[in-house]
Amino acid sequence: MTALSKSWERAVVPLFILAAWEVFSRSGFLPAALLPAPSVVLHTWGDWIFGFDETSQGNTGRWFADALSSATRVAAGYGIAVVSGVLLGIAIGWWRWVERTVEPTIQMLRPVPPVSWIPLAIIWFGIANKPAIFLVFLGAFFPILMNTIHGVKTADRNLIRAASMMGATEQQLLRHVVFPAALPSIFAGLRIGIGAAWMLTVTAEMVAVKSGLGYVLWDSYYFLRYDLVLAAMASIGLLGYATDALIKVLMSAALHWQHGSTLQSREG
Amino acid sequence: MASIDLQNITKIFRDAKRKRDLLAIDNVSLSVEKNEFLCLLGSSGCGKSTLLNMIAGFEKPTEGTVTVGGKPVDGPGADRGMVFQQANLMPWLPVWENVAFHLRLKGWRKADRRDAAQEYIDMVGLRGFENHFPAELSGGMSQRVGIARALLLNPQVILMDEPFAALDAQTKMDMQEELVAIWQKQRCTVVFVTHSVDEALVLGTRVAVMTSRPGRIRELIALDLPRPRDTTGPRFNDHKRHILNLIREEGMQQRQAAVA
């Protein structure tokens, strides 16, 4: 199949939804303010980004600043979650005593929805970046941790035997065998984690922060600007999609050795 | 001094689930001389792999001592190269990195590792496949990488655990020939575990015929057949008949013991 017809395939479903939505909004079945047509949303979004006619009022031309503050929170919280989740996951998966001492506590904290930490996060960190980063961390940490543990535990024992036959120390086993063996599973955790990270940064911005895409979304709701609400939702979706795509690129570069041996490797 | 010395080895596996102990190896003593090619021959479950794993240091004997080059074995180490039944290559590393994995652990620079690997890649006939990944190799090629990897350690002894068991007959014959050539060239000690009488007779300078449950050495047979071995010659067949008789007797005794 050619690249052109493939990208056309991707566009079919979104274009159909947009067209149906446009027709539905213009039919007058609902008041236009409650479900703005895609063309209206696009116009407002355009002004939010480029600031040409102030349809988005105070937000005009401020999209990049808003997106950047959300993305910064995601990056900070997610970064902390990746480092700590992978390191702790390897430790729990490898050493039985770490598993025995640490895992019960973690398994008790895991079912607590990250959102329910908001009151404490505000008390501890105030209204600013920190509570949002904390929530993003909580959301991304557990999927990364669980998948890392799984990856370490399912590493092929024979590879560890082979490496110790070649004189590997425990530290070398972890670095040269266990970590690469767990990498496919770790990447699965990274992809789940990035979704959770965007979800929580937006939630935090609605409640505990006064900037970012989530803040604009909630603020516009108070002013009944559903066109802006929808533009914010679309922005979040697009940025989430872009970061996931970035992780997928990293993944296929890091896991290129799976080429031809897994179903996933068939993907273009 | 013997290259490998097993003294009064007994191995008992504790089966915690069934609260029962299994005597896997019963008082085995065996010396392997330098440059010898010893084949451990026995049916599956006779403890031959367990014996090999104890020389490798993956398992500890319940009683008795294992020494290699005069030093007691207390864990796996690069002085004993092992070739496994499955090649056990790191799937994320290309062929040359797998061969030179030991040097990676020792912190060698990439260019030096690459140069060092080439000699062994050529030795096992894999020139041109240096940058292939394990998923792209056939079973025979993977085993060649495993052999090259063990040879690069330049070990005193090479331990082989049925490395050709999963290969087709033709590939197996080629690999056996090449292994003998490499052994003759490298002058190392080989302990080779197999369940195939023919394989033991083609490869070994000595064959240790093992009995099963508990594992004991039934007979040690020195082979003074010229190489390459004529697998249809009368002397080869005499040895083969003798070993098959041992195995048959063993099976009969076991069945009788099971009935009684």
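None of the values given here were measured: they were computed from a predicted structure.

## Examining the overall build of chain A
Then, number 1: When its secondary structure is counted, chain A shows 10 helices and zero strands.
Then, number 2: Order of helices (α) and strands (β) in chain A, N terminus to C terminus: α-α-α-α-α-α-α-α-α-α.
Then, number 3: The dimensions of chain A, computed from C-alpha atoms along their principal axes, are 75 × 55 × 30 Å.
Then, number 4: Within the span of chain A, comprising 268 residues, buried residues form 43% of the whole.
Then, number 5: Carbon together with sulfur atoms contributes 70% to the accessible area of chain A, which is approximately 14,600 Å² in total.
Then, number 6: In chain A, which carries 18 positive and 15 negative side-chain charges, the distance between the mean positions of the two groups comes to 11 Å.

## Focus: the pattern of salt bridges
Then, number 1: All chains considered together, the criterion is met by 20 salt bridges over all chains.
Then, number 2: For Arg109(B), the salt bridge identified is with Asp112(B), shortest N-O distance 4.0 Å.
Then, number 3: Take Arg109(B): its relative accessible area is 59%, and that puts it in the exposed class.
Then, number 4: Linking Asp198(B) and Lys240(B) is a salt bridge whose minimum nitrogen-to-oxygen distance equals 3.0 Å. Within this pair, whereas Asp198(B) is found in helix H7 (residues 197-203), its partner Lys240(B) is found in helix H8 (residues 234-259), the two being separated by 42 residues in sequence.
Then, number 5: Among the charged side chains, a network of salt bridges with common partners joins Arg96(A), Glu99(A) and Lys153(A).

## Remarks on the UniProt feature "domain: ABC transporter" (unreviewed entry) in chain B
Then, number 1: Here, UniProt's "domain: ABC transporter" (unreviewed entry) annotation points to residues 4-237 of chain B.
Then, number 2: End-to-end, the C-alpha atoms of residues 4-237 of chain B are 29 Å apart, and along that stretch the chain is 32% helix and 28% strand.

## Observations regarding the UniProt feature "transmembrane region" (unreviewed entry) in chain A
All names here are of chain A.
Then, number 1: Summarizing the sequence annotation, UniProt attributes the feature "transmembrane region" (unreviewed entry) to residues 75-97, 109-127, 133-152, 173-200 and 220-242 in the numbering used throughout.
Then, number 2: The span residues 75-97 is 96% helix and 0% strand, and its two end C-alpha atoms sit 32 Å from each other.
Then, number 3: From the first C-alpha to the last, residues 173-200 spans 36 Å; its make-up is 100% helix and 0% strand.

## Remarks on the packing of helix H6 (residues 129-153) of chain A against helix H8 (residues 170-207) of chain A
Residues and elements named next belong to chain A.
Then, number 1: One can describe the packing of H6 onto H8 by two numbers: an axis separation of 7 Å at closest approach and a directional angle of 160°. Our classification of the angle between H6 and H8 gives roughly antiparallel. As for how H6 packs across H8, the hand of that crossing is right-handed.
Then, number 2: Class assignment of the residues belonging to the contact of H6 with H8 gives a composition of 17 nonpolar, nine polar and no charged.

## Overview of the sheet that holds strand E2 (residues 20-32) of chain B
Residues and elements named next belong to chain B.
Then, number 1: Sheet architecture is open: four strands sit in the order E2-E1-E4-E5, paired in antiparallel fashion. The open sheet has two edge strands, E2 and strand E5 (71-72), and neither has a second partner.
Then, number 2: The pairing of strand E1 (residues 4-15) with E2 spans nine bridges and is classified as antiparallel. Across the sheet, Phe-13 pairs through a bridge with Leu-22, a residue of E2.
Then, number 3: Contacts from helix H1 (residues 48-56) reach E1, E2 and strand E4 (63-68), with the element oriented near 115° to E1.

## Quick notes on the nonpolar core
Then, number 1: Judged by nonpolar contacts, the single largest core of 102 residues is most densely connected at Trp48(A), Val177(A), Leu40(B), Leu51(B) and Met90(B).
Then, number 2: It is H8(A) that provides the largest number of residues to this core, a total of 15 residues.
Then, number 3: With residues near it in sequence (within four places) discarded, Leu40(B) still touches Leu30(B), Lys48(B), Leu51(B), Val191(B), Phe192(B), Val193(B), Thr194(B), Ala208(B) and Met210(B).
Then, number 4: One finds Val83(B), Ala116(B), Met141(B) and Leu223(B) within the second-largest nonpolar core, a separate group that totals 51 residues.

Reading the values: the criteria
Residues numbered from 1 in each chain as written. Chains lettered and ligands numbered in written order. Predicted model: local features only at pLDDT ≥ 70, side-chain atom pairs only at ≥ 80, totals over all residues. Heavy atoms only, no water. Helix = DSSP H or I, 4+ residues; strand = E, 2+ residues; numbered from the N terminus. Buried < 20%, exposed > 50% of the residue type's maximum accessible area, 1.4 Å probe, protein only. Areas by Shrake-Rupley, 256 points an atom, 1.4 Å probe, with all protein chains shown as cover. Lys, Arg positive; Asp, Glu negative; His and termini not counted. Charge placed at Lys NZ, Arg CZ, Asp CG, Glu CD. Salt bridge = Lys/Arg side-chain N within 4 Å of Asp/Glu carboxyl O. UniProt positions renumbered as here; feature names shortened; annotations may be inferred. Axes fitted to C-alpha atoms, helices over the stretch in contact; angles between N-to-C directions. Parallel < 35°, antiparallel > 145°, perpendicular 65-115°, else oblique. Left-handed = near helix turned anticlockwise from the far one by under 90°. Nonpolar A, V, L, I, M, F, W, Y, C, P; charged D, E, K, R; others polar. Pairing = 2+ DSSP bridges. Contact = heavy atoms within 4.5 Å. Core = buried A, V, L, I, M, F, W, Y, C linked by side-chain atoms within 4.5 Å.

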